[in-house]
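# Inside the fold
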Amino acid sequence: MLIEELLRERERLATLLVSAERDIENAPEGSLRISHTTTKPEFYHRKVSEKKLGIYIHKDQIQTAKALAQKNYAEIIEKSIYTKQKLIESVIDEYKSDPLKASYNNLNPVRQQLVKPYILEDADFASRWLSIPYEPNPKYPEDKGQTTSKGEKVRSKSEVIIADNLKMMGIPYKYEAPLKLKDGSIVYPDFTCLNVKRRKIVYWEHFGKMGNQEYRNNDFFWKLKNYGPSGIIQGMNLIMTFEDEENSFDFLTYKSTIEDYLLR
């Protein structure tokens, strides 16, 4: 998370630096002197350092004064950006080396087995999460007539598409794992996914029969009503996808949303 923010800030600073450097390059040679000896400020163009007072800038040459002022401002910004860039690079280097994770990785394997690590590599964290056993939804096992590339049995072709794309994108998931809601009821979201970077659980419900009124009432609207009080909210930790008889499921329609929820 911090690395991502630093990379975005580094990119922002690089954009600002381009603007500052352009203003410096396009400005006239020399600097601006402002005199306050009269009721109105007067502007002077110092073309060479020897002429400290500079040449008076008339009203019809105000663009010269603006360009010189912008140049001075750009030079200040440029120095500040250089300082921040050095700081950002040093922090990024420190976090990439990550001595906290290295402290565990550098232990010999026997000692690693004896301790509980405070920080796990992403792959280890995902592996441990996936290794936690669970009892999948026991209802209507006969409906699981589709098979994913992992060999899992799921209930629809659309769920095969979702599962196979999650696998291809490297997103850990559990199919129809139990979830206890605030009221004590147990539900089985279609997919319980793990955003490894954020160490965050995100639930994915695919509503595949939206043209069926009974299905909408008993499944879609029921979950919409009961998930919220349990802190499962669309836009935060819940993905919802849809289809009906006339509108088939297209994973690409949701791909950018999936990346935002589960990969960033």
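Residues numbered from 1 in each chain as written. Predicted model: local features only at pLDDT ≥ 70, side-chain atom pairs only at ≥ 80, totals over all residues. Heavy atoms only, no water.

This paragraph deals with the overall build of the chain. Within the chain one finds eight helices and eleven strands. Since a compact globule built from 264 residues should have a radius of gyration of about 18 Å, the 30 Å found for the chain marks it as more spread out than a globular shape. Expressed as lengths along the three principal axes of its C-alpha atoms, the size of the chain is roughly 90 × 55 × 35 Å. Expressed as a percentage of its 264 residues, the buried residues of the chain come to 33%. Of the roughly 17,500 Å² of accessible surface on the chain, a fraction of 54% belongs to carbon and sulfur atoms. (Helix = DSSP H or I, 4+ residues; strand = E, 2+ residues; numbered from the N terminus. Rg over C-alpha atoms; globule rule 2.2 N^0.38 Å. Buried < 20%, exposed > 50% of the residue type's maximum accessible area, 1.4 Å probe, protein only. Areas by Shrake-Rupley, 256 points an atom, 1.4 Å probe, with all protein chains shown as cover.)

We now examine helix α7 (residues 213–227). In this model α7 runs 20 Å from its N-terminal to its C-terminal C-alpha over 15 residues, within 8% of the 21 Å that 1.5 Å per residue would give. Maximal helix bending in α7 amounts to about 30°, located at Phe 221. Residues Tyr 215, Asp 219, Phe 220, Lys 223, Asn 226 and Tyr 227 constitute the buried set of α7. On its buried face, α7 is in contact with β8 (186–187), β10 (200–207) and β11 (238–242). (Expected span 1.5 Å × (residues − 1). Bend = angle between axes of the 7 residues up to and from the residue. Contact = heavy atoms within 4.5 Å.)

A cluster of nonpolar side chains, namely Leu 100, Tyr 118 and Ile 119, defines an oily patch on the protein surface of about 400 Å² accessible area. With respect to the helices and strands, the residue Tyr 118 is situated in the loop between α4 (109–114) and α5 (122–131). (Patch = residues over 30% accessible without salt bridge, like charges linked within 9 Å, V, L, I, M, F, W, Y side chains within 5 Å. Salt bridge = Lys/Arg side-chain N within 4 Å of Asp/Glu carboxyl O.)

Below, the discussion takes up the pairing of β10. Judged by how many residues are buried, β10 sits mostly within the fold: six of eight residues are covered. Here strand β9 (residues 191–195) folds back onto β10, and the loop between the two strands holds four residues, one of which, Arg 199, carries a positive phi near 55°. Bridge count for β10 against β11 is five bridges, and the pairing is parallel. When the sheet's bridge partners are listed, Trp 204 is paired in β11 with Ile 239. Regarding the hand of the β-α-β motif, the stretch spanning β10, α7 and β11 is right-handed. (Pairing = 2+ DSSP bridges. Right-handed = clockwise from strand over helix to strand, strands pointing away.)

So, about unusual backbone geometry. For Tyr 140, which is not a glycine, the phi torsion comes out positive at approximately 50°. Along the chain, Tyr 140 falls in the loop between α5 and β4 (146–147). Look at Arg 199: it is not a glycine, yet its phi comes out positive at around 55°. Tracing the backbone through its elements, the reader meets Arg 199 in the loop between β9 and β10. The partly exposed category is assigned to Arg 199, whose relative accessible area is 32%.

Here we take up the side chain of Thr 192. Positionally, Thr 192 belongs in strand β9. Here Thr 192 falls in the buried class, since its relative accessible area comes to 8%. What Thr 192 contacts, discounting residues up to four positions off in sequence, is Trp 129, Pro 172, Tyr 173, Lys 174, Ala 177, Ile 201, Val 202 and Tyr 203.

Attention shifts here to the side chain of Glu 205. As for its position among the elements, Glu 205 is in strand β10. Judged by relative accessible area, which is 1%, Glu 205 ranks as buried. There is a polar contact of 3.1 Å between the side chain of Glu 205 and the side chain of Lys 223. Ignoring sequence-local partners within four residues, the contact set of Glu 205 consists of Tyr 188, Pro 189, Asp 190, Lys 223, Tyr 227, Leu 238, Ile 239, Met 240 and Thr 241. (Polar contact = N/O pair within 3.5 Å; in protein donor to acceptor, adjacent residues only side chain to side chain.)

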